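Coordinates in review
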Amino acid sequence: MKKLLSVAGAALLTVLAAVFAFGQPAHAAAGFSVANGRLYDANGTEFVMRGVNHAHTWYPQQTTSFANIKALGANTVRVVLASGDRWTKNSAGDVANVVSLCKANRLICVLEVHDTTGYGEQSGAITLDRAVDYWLSIASALQGQEKYVIVNIGNEPYGNQGYGTWATDTANAIKRLRAGGLTHTIMVDAPNWGQDWSFTMRDNAGTVFAADPQKNTVFSIHMYGVFDTAAEITDYLGRFRTAGLPIVVGEFGFNHSDGNPDEDTILAYSQANGIGYLGWSWSGNGGGVEYLDMVTNFDPNQLTSWGQRIFNGANGIKATAKEASVFAGTSPSPTTSPTTSPSPTTSPTPPPAGCTAGYTIVNSWQGGFQGEVKVTAGAAAITGWTTKWTFANGQTVSQAWNAAVSNSGSAYTARNVDWNGRLGAGASTTFGFIGSWNGGNAIPAVTCTAS
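An account of the accompanying structure is given in this report. (Residues numbered from 1 in each chain as written. Predicted model: local features only at pLDDT ≥ 70, side-chain atom pairs only at ≥ 80, totals over all residues. Heavy atoms only, no water.)

With that out of the way, let us pick up the nonpolar core. If you look at the biggest cluster of nonpolar residues, it comprises 99 residues, and the most contacted ones within it are Leu111, Trp135, Ile153, Phe219, Ile221 and Leu237. With six residues, helix 7 (residues 230-243) is the largest single contributor of residues to this core. By size, the runner-up hydrophobic cluster in this structure holds 20 residues, among which are Tyr359, Ala403, Tyr412 and Ala414. (Core = buried A, V, L, I, M, F, W, Y, C linked by side-chain atoms within 4.5 Å. Buried < 20%, exposed > 50% of the residue type's maximum accessible area, 1.4 Å probe, protein only. Helix = DSSP H or I, 4+ residues; strand = E, 2+ residues; numbered from the N terminus.)

This part covers the packing of aromatic side chains. As enumerated under the stated definition, the model contains 27 aromatic pairs in all. Measuring from ring centre to ring centre gives 5.3 Å for Phe254 and Trp306, while their planes differ by 5°; the resulting arrangement is stacked. Of this pair, Phe254 sits in the loop between strand 9 (247-252) and helix 8 (263-272) while Trp306 sits in helix 9 (residues 305-312), and the two are 52 residues apart along the sequence. Between Trp389 and Phe391, the aromatic rings sit 6.1 Å apart at their centres with planes inclined by 80°, giving edge-to-face as the arrangement. Grouping residues by exposure puts Trp389 and Phe391 together as buried. Taken together, the ring pairs connect Tyr359, Phe369, Trp385, Trp389, Phe391, Tyr412, Phe431 and Phe433 into an aromatic cluster. (Phe/Tyr/Trp six-rings, centres within 6.5 Å; stacked < 30°, edge-to-face > 60°.)

So, on to the sheet that holds strand 17 (residues 428-436). A sheet is described by the order of its strands in space; here four strands give the open sequence 11-12-17-14, paired in antiparallel fashion. Each edge of the sheet is formed by a strand with only one pairing partner; in this case those strands are strand 11 (355-365) and strand 14 (396-401). Between one strand and the next, the sheet's axes are offset by a mean angle of 25°, whatever the strand orientation. Alignment of strand 11 against strand 12 (residues 368-377), held across 10 bridges, turns out to be antiparallel. Residue pairing across strands places Thr360 opposite Glu372, the latter belonging to strand 12. (Pairing = 2+ DSSP bridges. Axes fitted to C-alpha atoms, helices over the stretch in contact; angles between N-to-C directions.)

Now for the environment of Gly124. When you line up the elements, Gly124 lands in the loop between strand 5 (108-113) and helix 3 (128-137). When neighbours within four sequence positions are excluded, Gly124 is seen to be in contact with Arg86 and Asp115. (Contact = heavy atoms within 4.5 Å.)

Taken together, the four strands give an open sheet; going across it, the order is 15-16-13-18, and neighbouring strands pair in antiparallel fashion. Lying at the two open borders of the sheet, with one neighbouring strand each, are strand 15 (404-408) and strand 18 (447-450). Going across the sheet, the axis of each strand differs from the next one's by a mean of 20°, ignoring polarity. Sheet analysis places strand 13 (residues 385-390) next to strand 16 (residues 411-415), joined by five bridges and oriented antiparallel. Residue pairing across strands places Trp389 opposite Tyr412, the latter belonging to strand 16.

Before going further, it helps to examine empty space enclosed by the protein. One pass over the structure, following the stated rule, counts three cavities of 30 Å³ or more. If you add up the space inside the largest cavity, you get close to 110 Å³. Forming the boundary of the largest cavity are 15 residues, of which Leu39, Phe47, Val248, Gly274 and Gly276 lie nearest the centre. Contributions of two or more residues to the lining of the largest cavity are made by strand 2 (38-40) and strand 9. (1 Å grid on protein atoms, 1.4 Å probe; cavity = no way out; pocket = protein on both sides within 12 Å on 5 of 7 lines; lining within 4 Å. Points joined across faces, edges and corners; volume = space filled by probe spheres on them.)

What follows is about the packing of helix 7 against helix 8. Two numbers describe how helix 7 lies on helix 8: the axes approach to 9 Å, and their chain directions differ by 30°. Relative to helix 8, helix 7 is oriented so that their crossing is right-handed. Within the contact between the two elements, helix 7 uses Ala230, Ile233, Thr234, Leu237 and Gly238 and helix 8 uses Thr265, Ile266, Tyr269 and Ser270. Per-class residue counts for the contact of helix 7 with helix 8 are five nonpolar, four polar and no charged. (Left-handed = near helix turned anticlockwise from the far one by under 90°. Nonpolar A, V, L, I, M, F, W, Y, C, P; charged D, E, K, R; others polar.)

So, in structure tokens, the structure goes:
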């Protein structure tokens, strides 16, 4: 298990991240690829990770875990490996077996080296450069598996000290892997024990992405106590979306010794915005964080409260995971974003436009809730929409996504953003928000006006 230190009192930087636009990579995709901030499989189908972490290197005998994780609905498993520097090395043969287990169970395999955890602060932790040595030493187990494997260079590669070289070191590690012949999608973790409270990854992600000759890098943020409010979660992930840079929540929990992460917002915002997530962890935690086990003693019939939440809860794995299309044996057409719909060509003089809207409470907890509004075009295509509703019980909206939301007292207005206003006849899109309530949370009537 990793070590996470409290960051209470740490000063968070407020410099805005630069906006970057990255298009389809120039190389032909033999495996996964990245375009416009999203991940696509070898068929060109968008893939959103929904899965968990599995501590294989410490529990190599638990090979049935792959089938059990799949049976509960996951489409991805992030597998803990060791370079031999802090824990016993996982050989090329062992890694090849892990990949075969992932493939047999129709899971995408994210492989990570854990020995880098907390470098600069954790005794014995290794550099990213040393992690690259490991990857190149087991390249025979990786080459030819680009459709099924994503290479996560090193887990939480810096603690809370010495992380100023993260961008340079990460860029150099990516370039070494490429020079060594690895063409897989590469995943890179944030510093600060993965939580990037210094915004080092956020503000340098564009530079690191550009350093990859294949433009095929995904960024991974770990969300524990640093991300204990909806505002922190939506702001961090939203900046990557705005910048057109691919981001996943590579680890998160429902509780932690350094604070209480807001797992409801992590799940809701990720689902609404097509962002992957990988919860920590399947089983085998120790050192006082046993509560992060999703199942007890690797038994899938003994789901813990955390396991129930992530697998079976709102916006959880079972309800949202879609298997990678490479396991279907066909090459389906590329998909669109989860929350957008394609716009068909309209006639020069379109008929009058119209739309309807439906309001749903997706999740609710004491004092708060997650709402969603689905907007559907009528019999003709529309180029924009505006929805309105009035809360009857004093509810308020604090965070919203996929719409521009404003209010005057209890009366709320939500308008489309640039990319989801155009809807074909009968097509739909959704937007979501986090709200608060006290005493009552009645569902309001919502009107929709189209243009």
